[in-house]
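Structural description and commentary
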Amino acid sequence: MITAEFLEDGNDEWEGIPSLSIGQKSDFEIQYIKVGLLKLGTKHLLLHIHATDQCTCFKSLKINGNHIVIGFGEMAHFVNIENESIISKKLDGYFGDLYTPDDFDLTNCAFSILVASANYLHHYTFSGEEIWKSEMLGIDGVNVRKVEPPLVYISGEWDPPGGWEQKIIQLQNGKTKI
């Protein structure tokens, strides 16, 4: 079983563990985070995730089998733990949150992973293949409130602060339900 956790700076317990660098490190780097992966409770891999984006308000991770998805900055990173391959997807605006069927107590595999950005909702496979991208759902945040297949209930921020509008989109294709 794979587990993962965000690590604080100065955490020397992970020194000497194999590591991967994700994202481009630069002299102008605003932030970076570390994620420690454990396999059967043993330290397995350390991920250094760099963000040169101005908006690094949110971070989240989800695990499914041998895949981990990490959202940070304006990116969603899809990591295959078995072969250590990485697919990074640039989002439209800042990263907001990640949602899986488990978050909504869905036992069927109605979807893989939903990735919310400042403006859109994306449906990806855990290996990083985009299934669909919604129409613009907000200008300063998109939140998934509930998933009841075949529908996704979202809130989109259109007039900050507090200008949230509710919409319903179709889980199959991300189109707004009229």
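Heads up: these notes are all about the structure in this document. (Residues numbered from 1 in each chain as written. Predicted model: local features only at pLDDT ≥ 70, side-chain atom pairs only at ≥ 80, totals over all residues. Heavy atoms only, no water.)

What follows is about the overall build of the protein chain. Along the protein chain, the regular secondary structure elements total zero helices and 15 strands. Its C-alpha radius of gyration of 17 Å places the protein chain within 12% of the 16 Å reference for a compact globule of 178 residues. Each principal axis of the C-alpha atoms in the protein chain carries an extent, and together these give about 55 × 40 × 25 Å. Every one of the 178 residues in the protein chain was classed for burial, and the buried ones make up 46%. Expressed as a percentage of contacts within the protein chain between residues at least 6 apart in sequence, the contacts between residues at least 24 apart total 43%. By element, 47% of the accessible surface of the protein chain is carried by carbon and sulfur atoms, the whole surface being about 9300 Å². The averaged location of the 25 negative side-chain charges in the protein chain is 5 Å from the averaged location of its 14 positive side-chain charges. (Helix = DSSP H or I, 4+ residues; strand = E, 2+ residues; numbered from the N terminus. Rg over C-alpha atoms; globule rule 2.2 N^0.38 Å. Buried < 20%, exposed > 50% of the residue type's maximum accessible area, 1.4 Å probe, protein only. Contact = heavy atoms within 4.5 Å. Areas by Shrake-Rupley, 256 points an atom, 1.4 Å probe, with all protein chains shown as cover. Lys, Arg positive; Asp, Glu negative; His and termini not counted. Charge placed at Lys NZ, Arg CZ, Asp CG, Glu CD.)

So, about the sheet that holds strand β8 (residues 85-90). Paired through backbone hydrogen bonds, the strands of a sheet run either parallel or antiparallel to each other. In spatial order, the strands read β5-β6-β7-β8; together these four strands make up an open sheet with antiparallel pairing. Every other strand in the sheet has two partners, leaving β5 (59-64) and β8 as the edge strands with one partner each. Within the sheet, the average angular offset between the axes of one strand and its neighbour, ignoring direction, is 15°. In the sheet, strand β7 (residues 75-80) pairs with β8 via six bridges, with the strands oriented antiparallel. Counted as the bridge partner of Asn80 is Ser85 from β8. (Pairing = 2+ DSSP bridges. Axes fitted to C-alpha atoms, helices over the stretch in contact; angles between N-to-C directions.)

On the secondary structure map, Ser117 appears in strand β10 (residues 113-117). Look at Ser117 and you get buried, because its relative accessible area is 1%. Every residue in contact with Ser117, bar those within four places of it in the chain, is listed here: Leu91, Asp92, Tyr94, Phe95, Gly96, His122, Gly141 and Val142.

So, on to the side chain of Ser155. With respect to the helices and strands, the residue Ser155 is situated in strand β14 (residues 151-159). Ignoring sequence-local partners within four residues, the contact set of Ser155 consists of Gly141, Val142, Asn143, Arg145, Trp164, Glu165 and Gln166.

The next subject is unusual backbone geometry. The omega angle of the peptide bond from Pro149 to Pro150 is 15°, so this bond is cis rather than trans. As for its placement among the helices and strands, Pro150 is situated in the loop between β13 (142-148) and β14. For the peptide bond that leads from Pro160 to Pro161, omega is -10°, which places it in the cis range. With respect to the helices, strands and loops of the structure, Pro161 is situated in the loop between β14 and β15 (163-170). With a phi angle near 55°, Leu40 is a residue other than glycine that sits in the positive phi range. With respect to the secondary-structure elements, Leu40 resides in the loop between β3 (31-39) and β4 (42-51). The phi angle at Asp105 is positive, at roughly 55°, despite the residue not being glycine. Along the chain, Asp105 turns up in the loop between β9 (95-99) and β10.

For the rest of this paragraph, the subject is the sheet that holds β9. Strand order in the open sheet formed by four strands is β9-β10-β11-β12, with antiparallel pairing between adjacent strands. Only two strands of the sheet have a single partner each, and these edge strands are β9 and β12 (130-133). Sheet twist, expressed as the mean angle between neighbouring strand axes with direction ignored, is 20°. Bridge analysis of β10 against strand β11 (residues 121-124) gives four bridges, and the strand direction is antiparallel. Among the inter-strand pairings, Ile113 is bridged to a residue of β11, identified as Tyr124.

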